[in-house]
Amino acid sequence: MGSFINTQVTENICYIQLDRGKSNAMHLETIEEITDTFRTLKEDPSVFAVILQGKEGFFTSGLDLITLFQYDEEQMKTFWTKFIDLIEELASFPKPFITAITGHSPAGGCVLALCSDYRVMAAGEYIIGLNEVPVGIVVPTSIFELYSFWIGSGNAARFLMEGKLLTPQEALNIGLVDEVVNFDRIQTTAARKAKHYLQFEPNAWRATKLNIRQNLLKEVQATKGVAIEQVLERWWAPSTRAILQAIIDNLTKKS
């Protein structure tokens, strides 16, 4: 295993903590590690549910644009392929999967949370949502479907087209998150929900979850090739590179 996440199993619940710098920004190795961990947990009979969490202040800031900007074409293609593999792995995970959104969760952070069954977000001056379009990144249809799955297609379309980011309360009002609690209660709240799901007959629960997500998962699989092509085409376009460079200059100034 790499070293960008920490896992701990307590009472048959696996707690996965993202652990990469202050903001848990995701590069290729992080994506691979999360994917491998979920694949292992899916088959592990001693793990009944999973809680994915960040650290105080950040769930994950999404993709590590500073690192990704340096990738060559081959690395970038690998990255997007693996990122969509991760979405498929998380969205089809058969066991109860809860996200404890411990702070900011824009873009890729929001995507991870959307794959879960239940989202608990920390109260505070945080943001969540999909802001890819203002950054110059094409939103694949599969991510639109994932967003729509929870907040309805009208809201998903409106929010995506302007890259809208929401406060925890706004996210709660619209069904993007299910509960907003103080940071010190977030883990116990997530664990309570996991235990609630575990009261039910597990085979019926799993089969129903996958039935409900059947169209969503088909969409992810069917549009994977097109999604990668579209994203890569825009990624290397001079206009997008200019936007990304400006964002990176801003980020490096702040740090």
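- Looking at an unreviewed UniProt entry, one finds the protein named Enoyl-CoA hydratase/carnithine racemase, with Sphingobacterium cellulitidis as its source organism.
- Turning to the protein, the UniProt annotation filed under Sequence similarities (unreviewed entry) states: "Belongs to the enoyl-CoA hydratase/isomerase family."

## Quick notes on the sheet that holds strand S1 (residues 5-10)
Consideration 1: Pairing is mixed in the open sheet, where six strands are placed in the order S1-S2-S3-S5-S7-S10. Every other strand in the sheet has two partners, leaving S1 and strand S10 (179-181) as the edge strands with one partner each. This sheet shows a mean twist of 20° between the axes of neighbouring strands, independent of strand direction.

## Brief notes about the sheet that holds strand S9 (residues 165-166)
Consideration 1: Across the sheet, which stays open at both edges, the four strands sit in the order S4-S6-S8-S9 with mixed pairing between neighbours. Either end of the sheet is taken by a strand with one partner, and the two such strands are strand S4 (57-58) and S9.
Consideration 2: The pairing of strand S6 (residues 103-106) with strand S8 (residues 128-129) spans two bridges and is parallel. Each bridged residue has a counterpart across the sheet, and for Ser105 the counterpart in S8 is Ile128.

## Notes on the layout of surface pockets
Consideration 1: Approximately 960 Å³ is the volume found for the largest pocket.
Consideration 2: Taken together, 34 residues form the lining of the largest pocket, with Ser23, Ser61, Leu63, Leu65 and Leu251 sitting closest to its centre.
Consideration 3: Elements represented by at least two residues in the lining of the largest pocket include exactly helix H2 (65-68), helix H3 (73-91), S6, helix H5 (132-135) and helix H13 (238-254).
Consideration 4: Counting residues per element, the lining of the largest pocket draws most heavily on H13, at four residues.
Consideration 5: Class assignment of the residues belonging to the lining of the largest pocket gives a composition of 20 nonpolar, nine polar and five charged.
Consideration 6: If you add up the space inside the second largest pocket, you get close to 150 Å³.
Consideration 7: Every residue lining the second largest pocket is listed: Asp117, Phe149, Trp150, Tyr197, Trp205, Thr208, Lys209, Ile212 and Arg213.
Consideration 8: Counting only elements with at least two residues in the lining of the second largest pocket, the list comes to helix H6 (141-151) and helix H10 (202-212).
Consideration 9: Among the elements that line the lining of the second largest pocket, the one with the most residues is H10, at four residues.
Consideration 10: Looking at the lining of the second largest pocket residue by residue, the class counts come to five nonpolar, one polar and three charged.

## Focus: unusual backbone geometry
Excluding glycine, residues mostly carry a negative phi; peptide bonds, for their part, are mostly trans.
Consideration 1: You will see that Glu11, though not glycine, has its phi angle at about 50°, which is positive.
Consideration 2: Tracing the sequence through the fold places Glu11 in the loop between S1 and strand S2 (13-18).
Consideration 3: For Glu11, a relative accessible area of 57% gives the class exposed.
Consideration 4: For Asn12, which is not glycine, the phi dihedral falls at a positive 65°.
Consideration 5: Position of Asn12 relative to the elements: it lies in the loop between S1 and S2.
Consideration 6: Judged by relative accessible area, Asn12 falls into the partly exposed class, the value being 30%.

## A closer look at the environment of Ile186
Consideration 1: Assignment of secondary structure puts Ile186 in helix H9 (residues 186-198).
Consideration 2: Its relative accessible area of 4% is what places Ile186 among the buried residues.
Consideration 3: Taking the C-alpha atoms as reference points, Ile186 and Arg241, separated by 55 residues in sequence, lie 38 Å from one another.
Consideration 4: Those residues in contact with Ile186, other than ones at most four positions away along the chain, are Ala100, Ile101, Thr102, Val120, Met121, Ala122 and Val181.

## Some details on the pattern of salt bridges
Consideration 1: Scanning the model with the defined rule gives nine salt bridges in all.
Consideration 2: Ionic pairing is found between Glu89 and Lys42, a salt bridge with its closest N-O pair at 3.0 Å. You can see Glu89 sitting in helix H3 and its partner Lys42 sitting in helix H1 (residues 28-43), a full 47 residues away along the chain.
Consideration 3: The class of Glu89 is buried, set by a relative accessible area of 8%.
Consideration 4: Salt bridges sharing common partners tie together Arg39, Lys42 and Glu89.

## Concerning the nonpolar core
Nonpolar side chains in soluble globular proteins generally cluster together in the buried interior.
Consideration 1: With 80 residues, the main nonpolar core has Val50, Ile51, Phe79, Trp80, Phe83, Tyr147 and Leu176 as its most contacted residues.
Consideration 2: Here this core gets nine residues from one element, more than from any other, and that element is H3.
Consideration 3: If we skip the residues at most four places from it in the chain, Trp80 touches Leu63, Ile137, Ile228, Val231, Leu232 and Trp235.

Rules behind the numbers
- For every chain, the first residue of the written sequence is number 1, and numbering continues from 1 onward in sequence order.
- Since the coordinates come from a predicted model, pLDDT governs what is reported: local features require at least 70, and pairs of side-chain atoms require 80 or more to be given and counted, while whole-chain, interface and lining totals use all residues.
- Working from all heavy atoms in the structure, the side-chain values ignore hydrogens and water.
- UniProt positions are given in the numbering used here, feature names are shortened, and annotations may be inferred rather than shown by experiment.
- Strands were regarded as paired on the criterion that DSSP finds at least two bridges between them.
- Working definition: helices are DSSP H or I runs of at least four residues, strands are E runs of at least two. Numbering for both runs from the N terminus.
- To get an axis, a line is fitted to the C-alpha atoms, and for a helix only the part in contact is used. The angle between two axes follows their N-to-C directions and goes from 0 to 180 degrees.
- We place a 1 Å grid over just the protein atoms. Points where a 1.4 Å probe fits but has no way out form a cavity, open points with protein on both sides within 12 Å along at least 5 of 7 lines form a pocket, and any residue with an atom within 4 Å of a point lines it.
- Grid points are joined across faces, edges and corners, and a volume is the space filled by probe spheres set on the points.
- Asp, Glu, Lys and Arg are counted as charged, while Ala, Val, Leu, Ile, Met, Phe, Trp, Tyr, Cys and Pro are counted as nonpolar; the rest, among them Gly, fall into the polar class.
- Relative accessible area decides the class of each residue, using a 1.4 Å probe on protein chains only: under 20% of the type maximum gives buried, over 50% gives exposed, and in between gives partly exposed.
- Working rule for contacts: check all heavy atoms of both residues, and any pair within 4.5 Å makes them a contact.
- Salt bridge, as used here: a side-chain nitrogen of Lys or Arg that lies within 4 Å of a carboxyl oxygen of Asp or Glu.
- In this description, a nonpolar core means a group of buried Ala, Val, Leu, Ile, Met, Phe, Trp, Tyr and Cys residues linked to one another through side-chain atoms lying within 4.5 Å.

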